[in-house]
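Breakdown of the fold
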Amino acid sequence: MPRHVAFLRGVSPLNAKMPELKRCFEQAGFDNVKTVLASGNVVFDARAGSERTLAARIEAAMAQHLGRRFYTIVRSTHALDALIAADPYAAFRVPPAAKRVVTFLREPRKERVALPPEIEGVRMLAVAGADIFTVYVPQPGNPAFMRLIEKTFGADVTTRTWDTVKKCAAA
């Protein structure tokens, strides 16, 4: 049975408990459900359905069982494994202290996006389909990274560190 990862936007331990989220997925009919970290990453098996269909099913289940929904983007673990194997960061010089970050869209953008130059230590390196690869050096109190992502791609995205993506794919 195909394995998938649901990346939920805006989840934190303050607004969603992982056991409740896991139970919600099970009540929606998904199998072998596992949460990864406490930031809205749920790995599960699903018999059939496109990533978009699975996301809609998950959001409906959250509304029904949790009383709220989080914007959801789904990727197959197969697609994540291919992404990790390709290592999109390898072609770039990344500062040692930089965070490698993947921003997920539900679907690829129809129009080509001109990547902005480095802004306040944030550098968008590449867009591959519905995945955006960025690096930035964290600076306390500076939300430049998310401002740049949302300005360029809108708010219907969710972002994970490269390490989190690897953990989710392996779960």
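Presented here is a report on the structure given in the accompanying data block.

Thresholds applied
- Residues numbered from 1 in each chain as written.
- Predicted model: local features only at pLDDT ≥ 70, side-chain atom pairs only at ≥ 80, totals over all residues.
- Heavy atoms only, no water.
- Helix = DSSP H or I, 4+ residues; strand = E, 2+ residues; numbered from the N terminus.
- Buried < 20%, exposed > 50% of the residue type's maximum accessible area, 1.4 Å probe, protein only.
- Phe/Tyr/Trp six-rings, centres within 6.5 Å; stacked < 30°, edge-to-face > 60°.
- Lys NZ or Arg CZ within 6 Å of the ring centre and 35° of its normal.

Looking now at unusual backbone geometry. The phi angle at Leu37 is positive, at roughly 60 degrees, despite the residue not being glycine. Tracing the backbone shows Leu37 in the loop between strand 2 (31–35) and strand 3 (41–45). Within the chain, Asp87 stands out as a residue other than glycine whose phi angle is a positive 40 degrees. On the secondary structure map, Asp87 appears in the loop between helix 3 (77–86) and strand 5 (99–104). You can call Asp87 partly exposed: its relative accessible area is 30%.

All right, on to the packing of aromatic side chains then. Inspection of every chain in the model, using the stated rule, returns seven aromatic pairs. Where Phe25 meets Phe30, the ring centres are 5.8 Å apart and the plane angle is 45 degrees; that geometry is what we call tilted. Take Phe25 and Phe30: they sit in the same class, and that class is buried. Residues Tyr89 and Phe133 carry aromatic rings whose centres are separated by 5.8 Å and whose planes lie at 90 degrees to one another, so their mutual orientation is edge-to-face. Of the two residues, Tyr89 is situated in the loop between helix 3 and strand 5 and Phe133 in strand 7 (residues 131–136); the sequence distance between them amounts to 44 residues. Residues Tyr89 and Phe133 agree in their burial class; the two are buried. Here a set of aromatic residues connected by ring pairs shows up, and it is made of Phe25, Phe30 and Phe44. The positively charged end of Arg57 is found above the aromatic ring belonging to Phe30, 4.1 Å away from the centroid. For the cation-ring pair, Arg106 lies above Tyr71, with the distance from its terminal atom to the ring centre recorded as 4.1 Å.

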